[in-house]
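Notes for the structure review
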Amino acid sequence: KKKQLQLEADAQDQKRRAEESAARYAARLDAKAKNDAIVREEDEKQTQEVMEIMRRAGVVAGVNAPEADEETTQLETNKEVYLHNRPAEEIATAHRGRHFTWFTVDLRRFRNVEYMKGEHIGPEACRFLAQMLRQGVCPRLSHLNLGWNQVKRLGGDALVDTFLKCGSSLLLERLDLRMNHIPPNTIVDLGKAMLRGSLLYLTHLDLRQNMIGSEGAKAIAHCVLAGGFKKLTHLYVMNNQIHDQGITALYKSFTSEEVMCPHIQCVNARDNPITPKVRKSLAPCPVFFQL
């Protein structure tokens with residue numbers, strides 16, 4: 001009889017906890033919905049204010065907006081360069097000699113460039129860029145921004161091969177490869193290149209919104225533990241289809257007893273499909289490790 005009473009009490013307690021959990025979840029959803037409504041209302045208000053200003057000025061967005069400024073000539077002494085592909089017809093008919101260039105600028109003449117940004121260049125142009133870097137153009141380059149350039153595996157592998165062959169001669173500190181459909185194999189090869197002395201000065205690595213998966217995350221973790229990212233301060237791997245094993249590997253590599261990245265400030269691994277059980281097991285996370 002006592003056992004039956006105990007079972008009934010446990011069942012009631014479990015039911016009560018489930019109801020409390022459901023109530024908390026509903027409260028969170030309600031609070032989120034209210035917050036989203038406030039944000040939408042504020043956005044709508046700002047949009048209407050901007051539209052009112054445009055109507056007073058006699059301009060309607062997308063209808064009679066002023067024409068965009070013509071692209072200014074990029075001086076060869078600039079410290080920044082923006083890569084635009086030449087028209088496809090020109091590239092197809094151009095002579096592929098020693099002076100051939102895929103872009104509207106000839107990188108061989110830009111010796112002072114420290115920041116380089118691609119403008120939707122694609123995989124073939126990225127492979128050409130890798131070839132140029134291997135030849136020693138832009139020796140002062142410290143920030144390479146190829147985000148949203150669709151370089152894919154072809155361009156990514158070409159870049160990694162260049163990093164490997166150039167070794168420590170590249171002075172890159174920031175590498176932005178976000179949203180480029182980069183697969184795990186490319187990241188595995190990047191880790192191998194890092195372990196062989198490439199990109200010694202790298203502090204920022206942005207790989208968000210690619211397809212590196214758990215295999216790519218584990219390759220990064222292995223490289224960290226082997227001392228390949230000693231100067232790394234920021235790593236972004238959000239939205240990369242990294243599952244439990246990959247996130248756990250990253251967590252262990254950055255929280256190991258022997259500190260391999262003494263200057264790390266941020267490891268952002270949000271928006272990856274990890275289970276609640278693993279998320280709970282990684283608590284408490286260091287401040288710099290974001291899930």
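Everything here concerns the structure above.
Reading guide: rules and limits
- Position numbers for residues start from 1 in each chain and track the written sequence from start to end.
- With pLDDT at 70 or above as the cut-off, local features in this predicted model cover only qualifying residues; side-chain atom pairs require 80 or more to be listed or tallied, and sums for whole chains, interfaces and linings still use all residues.
- By convention in this description, side-chain values take in all heavy atoms of the structure and omit both hydrogens and water.
- Lines fitted to C-alpha atoms define the axes here, with helix axes fitted over just the stretch in contact, and angles between the N-to-C directions of these axes take values from 0 to 180 degrees.
- What counts as a helix is a DSSP run of H or I of at least four residues, what counts as a strand is a run of E of at least two, and both are numbered from the N terminus.
- For this classification, under 35 degrees means roughly parallel, over 145 means roughly antiparallel, 65 to 115 means roughly perpendicular, and everything else is oblique.
- We call two residues contacting when some pair of their heavy atoms lies within 4.5 Å.
- Only Asp, Glu, Lys and Arg are considered charged in this grouping, and only Ala, Val, Leu, Ile, Met, Phe, Trp, Tyr, Cys and Pro are considered nonpolar; every other residue, Gly among them, is considered polar.
- As used in this record, nonpolar core signifies buried Ala, Val, Leu, Ile, Met, Phe, Trp, Tyr and Cys residues forming a set joined through side-chain atoms within 4.5 Å.
- Here the term buried applies to any residue with accessible area under 20% of the maximum for its type, exposed to any over 50%, and partly exposed to those in between, with areas from a 1.4 Å probe on protein chains only.
- A patch consists of residues whose relative accessible area exceeds 30% and which take part in no salt bridge; residues with like charges are grouped when within 9 Å of each other, and nonpolar side chains (Val, Leu, Ile, Met, Phe, Trp, Tyr) when within 5 Å.
- The method behind every accessible area is Shrake-Rupley, applied with a 1.4 Å probe, and residues are considered shielded solely by the protein chains displayed.
- Salt bridges are identified by distance alone: a Lys or Arg side-chain nitrogen within 4 Å of an Asp or Glu carboxyl oxygen.
- Within this scheme the basic residues Lys and Arg register as positive and the acidic residues Asp and Glu register as negative, but His and the chain ends are omitted.
- By convention, the point assigned to a charge is CZ for Arg, NZ for Lys, CD for Glu and CG for Asp.

**Brief notes about the packing of helix α3 (residues 122-134) against helix α4 (residues 152-166)**
Two elements in contact, α3 and α4, have axes separated by 7 Å at closest approach and are oriented at 10 degrees. The pairing of α3 with α4 is recorded here as roughly parallel in orientation. Contact residues: Pro 123, Glu 124, Cys 126, Arg 127, Ala 130, Gln 131, Leu 133 and Arg 134 in α3; Leu 154, Gly 155, Ala 158, Leu 159, Asp 161, Thr 162, Lys 165 and Cys 166 in α4. Among the residues forming the contact of α3 with α4, the class breakdown is 8 nonpolar, 3 polar and 5 charged.

**Examining the nonpolar core**
Ranked by size, the top nonpolar core spans 70 residues in total, and within it Leu 107, Met 116, Leu 144, Ile 220, Phe 229 and Phe 254 carry the most contacts. Every element with two or more residues in this core is listed here: β1 (80-83), α3, α4, α5 (184-195), α6 (213-225) and α7 (244-254). Looking at this core element by element, the count peaks at 7 residues for α3. Here Phe 229 is in contact with Met 194, Leu 202, Leu 205, Ile 220, Cys 223, Val 224, Met 260 and Cys 261, once residues within four sequence places are set aside.

**So, a negative patch on the surface**
Residues Glu 41, Glu 42, Asp 43, Glu 44 and Glu 49 make up a contiguous surface patch of negative charge. Structurally, Asp 43 is set in helix α1 (residues 2-57). Taking the relative accessible area as the measure of exposure, Asp 43 reaches 42% and is therefore partly exposed.

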